[in-house]
Amino acid sequence: METTSQSPLNLEKIVPEAEDFLPLNGTDYVELFVGNAKQSAHFYKTAFGFQSEAYAGLETGEKDRTSYVLRQGKIRLVLTTPMTAESPINEHIRKHGDGVKVVALWVDDATKSWEETTKRGAKSFMEPETIEDAHGKVVRSGIHTYGETVHIFIERKNYNGIFLPGYKKWESHYNPESVGLKYIDHMVGNVGWGQMNTWVDFYARVMGFAQLISFDDKDISTEYTALMSKVMSNGNGRIKFPINEPAEGKKKSQIEEYIDFYDGAGVQHIAVATDNIIETVTALVKRGVEFLYVPSTYYDTVLDRVGEIDEDLEPLKELGILIDRDDEGYLLQIFTKPVVDRPTMFFEIIQRKGAQSFGKGNFKALFEAIEREQESRGTL
Ligand code: FE2
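Residues numbered from 1 in each chain as written. Predicted model: local features only at pLDDT ≥ 70, side-chain atom pairs only at ≥ 80, totals over all residues. Heavy atoms only, no water.

1. Observations concerning the coordination of the iron ion
Bound to the iron ion are the protein donor atoms H186 (NE2), H269 (NE2) and E348 (OE), situated 2.0 to 2.2 Å from the metal. All donor residues of the iron ion come from one chain, and their arrangement in sequence is H-x82-H-x78-E. Of this pair, H186 sits in strand β10 (residues 181-190) while E348 sits in strand β17 (residues 346-353), placing them 162 residues apart in sequence. (Donors = N, O, S within 2.8 Å, 3.2 Å for Na, K, Ca; no water. Helix = DSSP H or I, 4+ residues; strand = E, 2+ residues; numbered from the N terminus.)

Written as structure tokens, this is what we have:
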């Protein structure tokens, strides 16, 4: 999809308040296209503590794809793989590797959501359609966003089945415990050079979002690499989409590295919230999840920057959890290494203690950590 036809954005004209015409009730599910959904599902259960929820495949009459639905708290992941050589899903995987295809949004009226957003300039991905089974009806529709990523609007008020019509309950004898992940806090999109404002404009104009915070490359830069980021939020604040673009640095930006390996714009990270980040990250480490290394010197001065916190510093330091503060409180966060072989998608674990921001004060410390990783891959 092309965005060049959209008018350049005058940032001063963005209304400070989001116009909640849809409205969005929350993230319904995130669907990844993957090379082997069975093994990915095993990974997300074993390593991340997701629970088996639903399944669609040959046994349910699905001919060209297999999908596993996993759940933890309010977070629903769908892992989909093609079953035939002809499936267009193959092309997505060939180009991008495993990655997010669908960010599905839960709405009261999927028909109206499609009509309103396409009227405002969104490119249609799927016209409104009703699917049903013995448990009721779901209406869904979809629009394109950055790269080959799409938003699907899900209207499920007349449905009480396990996930969507066409899926059956997934019964498994293997059910590793949850690690305490509750909901998706935000999802970040990486877009190409000069494209950030186009997509900020898209979320403002087409989706009625407002811009929360703006960073510039002076905020988020290290000696070598830089990025620019703006955070878009819907009116009720349940959906937050930071949009990053690379900025010029002495060496390759991590956003540029993502764009190169993903072969275009896409979802960079999914930030998931927990009520106890020390317990959650301890469990994740035990299960084999790899996190970015943070130099222990970070902890020598962090309390001077963020002030008093409820947690002991020692376990935070041991796990590499970062701390940041804004006017409203503080937050604790940590980033996994990419969860796929290409240096593309990763997860963030976040615990908010009042703060509504995204860890701006940690960016420098974090990017220096990322650069050490890039250096080891020879892509800095
Ligand atoms: Fe984040």
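2. Things to note about unusual backbone geometry
The phi dihedral of D263 falls on the positive side, at around 60°, and the residue is not glycine. Relative to the assigned elements, D263 resides in the loop between α5 (254-262) and β14 (266-274).

3. Considering the domain arrangement of the protein chain
Split by domain assignment, the protein chain resolves into domain 1 (26-169) and domain 2 (181-377). Placing a centre on the C-alpha atoms of domain 1 and another on those of domain 2 gives a separation of 25 Å. With 40 residues of domain 1 at the contact, the number on the domain 2 side is 35 residues. Taken as a group, F48, I75 and Y146 account for 24% of the area that domain 1 buries against domain 2, more than any other trio of residues on that side. Where domain 1 packs against domain 2, one counts one salt bridge. K95 is the salt-bridge partner of D263, the closest N and O atoms lying 3.3 Å from each other. Taken together, the links from domain 1 to domain 2 amount to twelve residue pairs in polar contact (both at pLDDT 80 or more). At the level of secondary structure, the elements contributing two or more residues to the side of domain 1 that touches domain 2 comprise β1 (24-33), α1 (37-46), α2 (89-96), β5 (99-107), β7 (136-144) and β8 (150-155). The leading source of residues in the side of domain 1 that touches domain 2 is α2, at five residues. Here the residues of the side of domain 1 that touches domain 2 are counted per class, giving 16 nonpolar, 17 polar and seven charged. (Domains from an automatic or database assignment. Contact = heavy atoms within 4.5 Å. Buried area = accessible area lost by both parts, 1.4 Å probe. Salt bridge = Lys/Arg side-chain N within 4 Å of Asp/Glu carboxyl O. Polar contact = N/O pair within 3.5 Å; in protein donor to acceptor, adjacent residues only side chain to side chain. Nonpolar A, V, L, I, M, F, W, Y, C, P; charged D, E, K, R; others polar.)

4. Some remarks on the side chain of S87
Looking at where S87 falls in the secondary structure, it is placed in the loop between β4 (75-82) and α2. Residues in contact with S87, not counting those within four places in the same chain, are D64 and P82.

5. Considerations on the nonpolar core
Core analysis: the largest hydrophobic core is formed by 87 residues, its most contacted members being Y44, F48 and M207. Among the elements that take part in this core, helix α4 (residues 196-205) stands out by supplying six residues, more than any other. Both domains that meet at this core, namely domain 1 (26-169) and domain 2 (181-377), each give it at least three residues. Once you skip the residues sitting within four places of it in the chain, M207 turns out to touch E19, F21, L22, L24, L105, T117, I143, H151, F153 and F202. (Core = buried A, V, L, I, M, F, W, Y, C linked by side-chain atoms within 4.5 Å. Buried < 20%, exposed > 50% of the residue type's maximum accessible area, 1.4 Å probe, protein only.)

6. Some remarks on the side chain of N362
Structurally, N362 is set in the loop between β17 and α9 (363-377). Residue N362 is classed as buried on the basis of its relative accessible area of 0%. Of note is the side chain of N362, whose polar atom sits 3.3 Å from the backbone oxygen of I323. Ignoring anything within four residues of it in the chain, the contact list for N362 reads Y298, R305, L322, I323, D324 and Q333.

7. Thoughts on the sheet that holds β4
Spatially, nine strands are ordered β6-β7-β8-β5-β1-β4-β3-β2-β9 in an open sheet, and the strand pairing comes out mixed. The sheet is open, and its two borders are formed by β6 (124-133) and β9 (168-169), each paired with just one other strand. Sheet topology places β1 next to β4; four bridges connect them, and they run parallel. What sits directly across from E31, in β4, is V78. Set on the sheet, helix α3 (residues 110-119) makes contact with β5, β6, β7 and β8; between it and β7 the angle comes to about 15°. (Pairing = 2+ DSSP bridges. Axes fitted to C-alpha atoms, helices over the stretch in contact; angles between N-to-C directions.)

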